[in-house]
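Chain by chain, the residues run as shown.
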Amino acid sequence: MATAGQWLEGARPRTLPNAIAPVVAGTGAAAALDGAVWWKALLALVVALALIVGVNFANDYSDGIRGTDDDRVGPLRLVGSGAAAPAAVKRAAFACFGVGAIAGIALALTSAWWLLLVGAVCIAGAWYYTGGRSPYGYSGFGEVAVFVFFGLVAVSGTQFVQAGRIDWVGLACAVAVGSFSSAVLVANNLRDIPTDTVSGKRTLAVRLGDPRTRTLHLILLAVPFVASLALVARTPWALAGLLALPFAVRAHAPVRSGGLGMHLIPALRDSGVAMLAWAVATAAVLFVA
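Just so you know, these numbers come straight off a predicted model, no measurement behind them. (Residues numbered from 1 in each chain as written. Predicted model: local features only at pLDDT ≥ 70, side-chain atom pairs only at ≥ 80, totals over all residues. Heavy atoms only, no water.)

Details of the nonpolar core
Argument step 1. Residues Ile-52, Val-53, Phe-57, Leu-78, Val-89, Phe-97 and Leu-115 are the most contacted members of the largest nonpolar core, which totals 35 residues.
Argument step 2. Of all elements in the fold, only helix H2 (17–32), helix H3 (38–66), helix H4 (78–81), helix H5 (86–109), helix H6 (115–128) and helix H7 (142–163) reach the threshold of two or more residues within this core.
Argument step 3. Looking at this core element by element, the count peaks at ten residues for H3.
Argument step 4. The contact partners of Val-89, leaving out residues within four places of it in the chain, are Trp-7, Phe-57, Asp-60, Tyr-61, Leu-78, Val-79 and Ala-84.
Argument step 5. Cys-173, Val-184, Ala-244 and Leu-286 belong to the second-largest nonpolar core, a separate cluster that totals 30 residues. (Core = buried A, V, L, I, M, F, W, Y, C linked by side-chain atoms within 4.5 Å. Buried < 20%, exposed > 50% of the residue type's maximum accessible area, 1.4 Å probe, protein only. Helix = DSSP H or I, 4+ residues; strand = E, 2+ residues; numbered from the N terminus. Contact = heavy atoms within 4.5 Å.)

What follows is the structure, encoded as structure tokens:
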């Protein structure tokens, strides 16, 4: 039976910036429209956190039963390591999805009914990333899904439920956060190219190959700072987003230097830190703009 510490590690807390940053950025975008609502922001945060932890457990379960994690390099996987029974990890995943669904229903009932459909698509996307007979994460679409769900949908959705509409500022923030979030997954999949190739998991990194995946990581980290320059049209203080640049440089350092395996783990961590730093800095100036 897995310990509490192992369950916590299995939830992959280092991925939480992927959930927090979109809500922070989306709330800043809502504030730019004079529409920030604190309790809706909190509900959006519950949805995002529940989905990210749920997808982590779902990936743990699906990869574990397929044997993809048998020779994994990186953080503990509950099923792959034998620390927890597959059924228990699957239940944990669906419990998280349930929490996210409840919070999402509350937001939909106070915003727009069609958000229920968006939520259903998000949960399905979380499960079928590595679950089901033909998981799209095994076919190279994981980064696209992360960009859409934890970038476009999460940021724009957070702005919409609070301000009642989406504007170009929210879309710019959504593209920036989506790029950061995809960079985290790119670093993860770069690390796993050898084992994913053997197991038949055709991630985007496997398809692109090592050199081009490293270039993609750099491009994704650069996009948010281009967004900061674009946001100057809303407020010159949007340049505060450039304060995250040192974190992005640090995130790409092990990728640029040719790091492999465990040496790439700091790239995942620091890509997330850069994302959160950018979101906080940008949201702060949008609140006062």
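Once the structure has been displayed, the description carries forward.
What about the packing of aromatic side chains?
Argument step 1. Going through the model one piece at a time under the given rule, you end up with seven aromatic pairs.
Argument step 2. Note on Tyr-61 and Trp-127: the rings are 5.9 Å apart at their centroids and 25° apart in plane angle, and the pair reads as stacked. Taken together, the residues Tyr-61 in helix H3 and Trp-127 in helix H6 connect sequence positions 66 residues apart.
Argument step 3. On the accessibility criterion, Trp-127 (14% relative accessible area) is buried. (Phe/Tyr/Trp six-rings, centres within 6.5 Å; stacked < 30°, edge-to-face > 60°.)

Describing the packing of helix H8 (residues 168–191) against helix H13 (residues 265–288)
Argument step 1. The geometry of H8 relative to H13 is characterised by a closest axis approach of 8 Å and an angle of 170° between their N-to-C directions. By the angle between their directions, the pair H8 and H13 is classed as roughly antiparallel. Only Ile-265, Ala-267, Leu-268, Ser-271, Gly-272, Ala-274, Met-275, Trp-278, Thr-282 and Leu-286 of H13 make contact with H8, whose side of the interface consists of Val-169, Cys-173, Ala-176, Val-177, Phe-180, Ser-181, Ala-183, Val-184, Ala-187, Asn-188 and Arg-191. (Axes fitted to C-alpha atoms, helices over the stretch in contact; angles between N-to-C directions. Parallel < 35°, antiparallel > 145°, perpendicular 65-115°, else oblique.)

A word on the environment of Thr-130
Argument step 1. Structurally, Thr-130 is set in the loop between H6 and H7.
Argument step 2. Overall, Thr-130 belongs to the buried group, its relative accessible area being 0%.
Argument step 3. With sequence-adjacent residues up to four places away left out, Thr-130 is seen in contact with Ala-58, Asn-59, Ser-62, Asp-63, Arg-66, Pro-135, Tyr-138 and Lys-201.

Side note on the pattern of salt bridges
Argument step 1. Evaluation of the coordinates by the stated rule reveals six salt bridges.
Argument step 2. Its salt-bridge partner being Asp-63, residue Arg-77 comes within 3.6 Å of it at the nearest N-O pair. Of the two residues, Arg-77 is situated in the loop between H3 and H4 and Asp-63 in helix H3; the sequence distance between them amounts to 14 residues.
Argument step 3. Judged by relative accessible area, Arg-77 falls into the buried class, the value being 7%.
Argument step 4. On the basis of relative accessible area, Asp-63 is assigned to the buried category, the value being 1%.
Argument step 5. We note a salt bridge from Asp-270 to Arg-269, for which the minimum N-O separation is 3.0 Å.
Argument step 6. With relative accessibility at 1%, the residue Asp-270 sits in the buried group.
Argument step 7. The class of Arg-269 is partly exposed, set by a relative accessible area of 38%.
Argument step 8. Salt bridges sharing partners connect three or more residues here, namely Asp-63, Arg-77 and Lys-201. (Salt bridge = Lys/Arg side-chain N within 4 Å of Asp/Glu carboxyl O.)

Quick word on unusual backbone geometry
Argument step 1. Its identity is not glycine, yet Arg-12 carries a phi of approximately 60°, on the positive side.
Argument step 2. By secondary structure assignment, the location of Arg-12 is in the loop between helix H1 (4–10) and H2.
Argument step 3. The backbone of Asp-34 shows a phi angle near 55°, a positive value even though the residue is not glycine.
Argument step 4. Position of Asp-34 relative to the elements: it lies in the loop between H2 and H3.

Regarding the side chain of Thr-15
Argument step 1. Of note, Thr-15 is situated in the loop between H1 and H2.
Argument step 2. For Thr-15, a relative accessible area of 13% puts it in the buried group.
Argument step 3. Leave out the neighbours within four places in its chain, and Thr-15 touches Ile-52 and Asn-56.

Looking at the environment of Ser-181
Argument step 1. Secondary-structure assignment places Ser-181 in helix H8.
Argument step 2. The class for Ser-181 is buried, based on a relative accessible area of 1%.
Argument step 3. Sequence separation between Ser-181 and Phe-149 is 32 residues; the distance between their C-alpha atoms is 9.8 Å.
Argument step 4. Residues contacting Ser-181, with those up to four places away along its chain left out, are Asn-18, Val-146, Phe-150 and Met-275.

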